[in-house]
Amino acid sequence: MPLRLLKYGLSRDYPVSGDIPAAPDLKPSYDVVIVGGGGHGLSCAHHLSKYHGIRSVAVIEKGYLAGGNTARNTTTIRSNYITPEGIAFYKEAVELFEGLSQELDFNVMFSQRGQLTLAHTEATLRSFHARAEMGKHLGTRTEVVDQKAVEELVPSLNMDHGGALEILGGLWHADGGTARHDAVAWGYAAQASRRGVEIHQRTEVEGFEVVGDRVQAVKTNRGRIACGQVLIATGGMNYDVALMAGVELPIRCYPLQAMVTQPLKPWLHTLVSSVSLHTYLVQSSRGEIVIGGGSDPYQLYSTRSTLDMKEHLAEGAVHLFPFLQGVRLLRQWAGITDMTPDYSPIMGASPLQNLWLDCGWGTWGFKATPVAGKRMAETIAKGRVPDILKPFALERFETFRLLNEMGATAASH
Amino acid sequence: MKILTCPMNGPRNIDEFQSFGPVRAEPDPDRTADTDWSRHLFRAENRRGIVVEWWRHVPSNYFFLAERDLVTNEIIRTFDASERRAQS
């Protein structure tokens, strides 16, 4: 066995190819500089290079590839939002995920297993009817289901009949699913770098050279880069990075914590979330139960974890599935979320002519990785914001045209 | 659990409290333009550093102020709102 492995490894017929080539030295200028080497930035780089012929692109990343919120989120993909603008946008996100493995020639392990959100009160059920009707109107698969249907969808659920948290029904979103977050980022990175995009890790933005209403150059710890266009897609760092360019975003940063259990045999075949318990669960392809909830209750720039949040998540999970009580936790972590006042992202123009924003992704960014990249690439290439992104403009806060998505999930958003 | 020292109730578990976010300057309703209202409503202090925030002790419904470091999460001090009024 070791000899055969060695023979295989050293054979010329099976050359080892890294997915992402080592980055060369920084050039003095690029047509587009993307700040942030997470899913969104890499997706934008892919779309710029593949569909718009823009290949002089540098993705600069302070840490390592996709090591921020791309690595820390809980990979929920869905379009059962509240506002028509939000649903239309996230619907495109889900559709792009459906073809993503083919698009990237990389298995992103997209599993469209459906998402069930539970209602423990009549009031929640009424809000589900509104969401379901809006979803159906816009062509998504979203419907209100009764107790019996919930029991059939997830037989292992504790229905709590007659109890304080009896499950009265649910919002069944057949379009919902999950995918492997790292694969999404790597797939985009591999495609983009194959077309000439340079990915520079450990390259930190230290400031912007702003002249008039344009960014002339990006100052980094590895030198100055002159730029045609700049995109900010830095997740939890969006507020800080935009501020370096003199743009103050309506963002407040909160930690978001999550955890996984030890691997179990497959038993949870849908995504399950509970509005009243502020808890959601999904079983990963490795068998671990990923458990998440809402953001921390106050602003903070720390990815520390707290026992009280873990207890809260465990309590919710054990209430829904009592047999999880003896299961051990394997890992727990936190990320910094850039929360907006209306729980919708900020995409499009900034007060500077050639600085574009893909910010305010709070706790809802992963699912939008393909669509945000696609639409931001279109925006940068054409120099104008497509209709689907217009409602998400930064100006909406000054014109009081907010897109309220608070309550569009089980957690704080 | 993290302890927050309430000016009225003394040291208590932080889950007895609710954060109401950083203190914002109160605009003059007669002179404030729409853009300034937008700023007042939607842009709270988010820089890495020390903020002064409104907190409420939920069981006693007592509102007070706290100085807290947004990076280290250290609560530097807590004080009654009358102290802020006395300062301004």
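Residues numbered from 1 in each chain as written. Chains lettered and ligands numbered in written order. Predicted model: local features only at pLDDT ≥ 70, side-chain atom pairs only at ≥ 80, totals over all residues. Heavy atoms only, no water.

Asker: Lay out the overall build of chain A with the relevant residues and their values.
Answerer: Along chain A, the regular secondary structure elements total 11 helices and 18 strands. For a compact globule of 413 residues, the expected C-alpha radius of gyration is about 22 Å, and chain A comes in at 22 Å, within 12% of that figure. Across its three principal directions, the C-alpha atoms of chain A cover 70 × 70 × 40 Å. Scored against the burial criterion, the 413 residues of chain A give a buried share of 57%. Contacts in chain A between residues at least 24 apart in sequence constitute 75% of all its contacts with a sequence separation of at least 6. Summed over its atoms, the accessible surface of chain A is roughly 17,000 Å², and 52% of this surface lies on carbon and sulfur atoms. The positive charge centre, built from 39 side chains, and the negative charge centre, built from 41, are 7 Å apart in chain A. (Helix = DSSP H or I, 4+ residues; strand = E, 2+ residues; numbered from the N terminus. Rg over C-alpha atoms; globule rule 2.2 N^0.38 Å. Buried < 20%, exposed > 50% of the residue type's maximum accessible area, 1.4 Å probe, protein only. Contact = heavy atoms within 4.5 Å. Areas by Shrake-Rupley, 256 points an atom, 1.4 Å probe, with all protein chains shown as cover. Lys, Arg positive; Asp, Glu negative; His and termini not counted. Charge placed at Lys NZ, Arg CZ, Asp CG, Glu CD.)

Asker: Quick rundown of the pairing of strand E1 (residues 29–35) of chain A? Include the residues and the values.
Answerer: All names here are of chain A. Of all 7 residues in E1, 5 are buried; the element is thus mostly enclosed. Bridge count between E1 and strand E11 (residues 223–232): 6 bridges; the pairing is parallel. Residue pairing for E11: Ser29 is matched across the bridge by Ala226. The pairing of E1 with strand E2 (residues 57–60) spans 4 bridges and is parallel. (Pairing = 2+ DSSP bridges.)

Asker: Outline the nonpolar core, supporting the account with residue identities and numerical values.
Answerer: Residues and elements named next belong to chain A. If you look at the biggest cluster of nonpolar residues, it comprises 54 residues, and the most contacted ones within it are Ile34, Leu48 and Phe89. When residues of this core are traced back to their parent elements, those giving at least two are E1, helix H2 (39–51), E2, helix H4 (84–98), helix H5 (100–104), helix H8 (181–194) and helix H11 (369–382). If near-sequence neighbours (up to four positions away) are discounted, Leu48 is found in contact with Val32, Ile34, Gly53, Ile54, Val57, Ala377, Ile380 and Ala381. Counting 34 residues, the second-largest nonpolar core is a separate cluster that includes Val230, Leu249, Tyr301 and Ile336. (Core = buried A, V, L, I, M, F, W, Y, C linked by side-chain atoms within 4.5 Å.)

Asker: If you had to explain the packing of aromatic side chains to someone new, which residues and values would you point to?
Answerer: In total, this model carries 16 aromatic pairs over all chains according to the counting rule given. For the ring pair B:Tyr62 and B:Phe64, a centre distance of 5.6 Å and an interplane angle of 15° mean the geometry is stacked. There is no split in this pair, since B:Tyr62 and B:Phe64 are both buried. Seen from the ring of A:Tyr81, A:Arg78 lies directly overhead, with NZ or CZ sitting 4.4 Å from the centre. Lying across the ring of B:Phe79, B:Arg77 places its NZ or CZ 4.0 Å from the centre. (Phe/Tyr/Trp six-rings, centres within 6.5 Å; stacked < 30°, edge-to-face > 60°. Lys NZ or Arg CZ within 6 Å of the ring centre and 35° of its normal.)

Asker: Please set out helix H10 (residues 307–320) of chain A residue by residue, giving values where relevant.
Answerer: Helix length check: H10(A), at 14 residues, gives a terminal C-alpha distance of 20 Å against a target of 20 Å (1.5 Å per residue), a fit within 8%. In this structure, the buried residues of H10(A) make contact with strand E4 (115–119), strand E12 (252–261), strand E13 (271–274), strand E14 (279–283), strand E15 (289–295) and strand E16 (329–339) of chain A. (Expected span 1.5 Å × (residues − 1).)

Asker: Describe the sheet that holds E12(A), naming the residues involved and giving the relevant values.
Answerer: All names here are of chain A. With mixed pairing, 8 strands are arranged side by side in an open sheet as E5-E6-E4-E13-E14-E15-E12-E16. Either end of the sheet is taken by a strand with one partner, and the two such strands are strand E5 (142–146) and E16. For this sheet the average axis-to-axis angle between neighbouring strands, irrespective of direction, equals 20°. In terms of strand pairing, E13 meets E14 through 3 bridges, oriented antiparallel. If you follow Val272 over to E14, its bridge partner there is Leu281. Along the sheet, helix H6 (residues 122–137) contacts E4, E5 and strand E6 (169–173); its crossing angle with E5, the most-contacted strand, is approximately 145°. Of the strands in this sheet, E4, E12, E13, E14, E15 and E16 touch H10, which is tilted by about 50° from E12. (Axes fitted to C-alpha atoms, helices over the stretch in contact; angles between N-to-C directions.)

Asker: Which residues make up the sheet that holds strand E4 (residues 50–57) of chain B, and what values go with them?
Answerer: Two pairing modes exist for strands in a sheet, parallel and antiparallel, and in both the strands are linked by backbone hydrogen bonds. Residues and elements named next belong to chain B. The 4 strands lie next to each other as E3-E4-E5-E6, forming an open sheet whose pairing is antiparallel. The open sheet is flanked by strand E3 (17–22) and strand E6 (75–79), the only strands paired with a single partner. Shown here is a sheet whose adjacent strand axes are inclined to one another by a mean of 30°, direction ignored. With 8 bridges connecting them, E4 and strand E5 (residues 62–69) associate as antiparallel partners. Each residue of the ladder has a partner; that of Ile50, found in E5, is Asp69.

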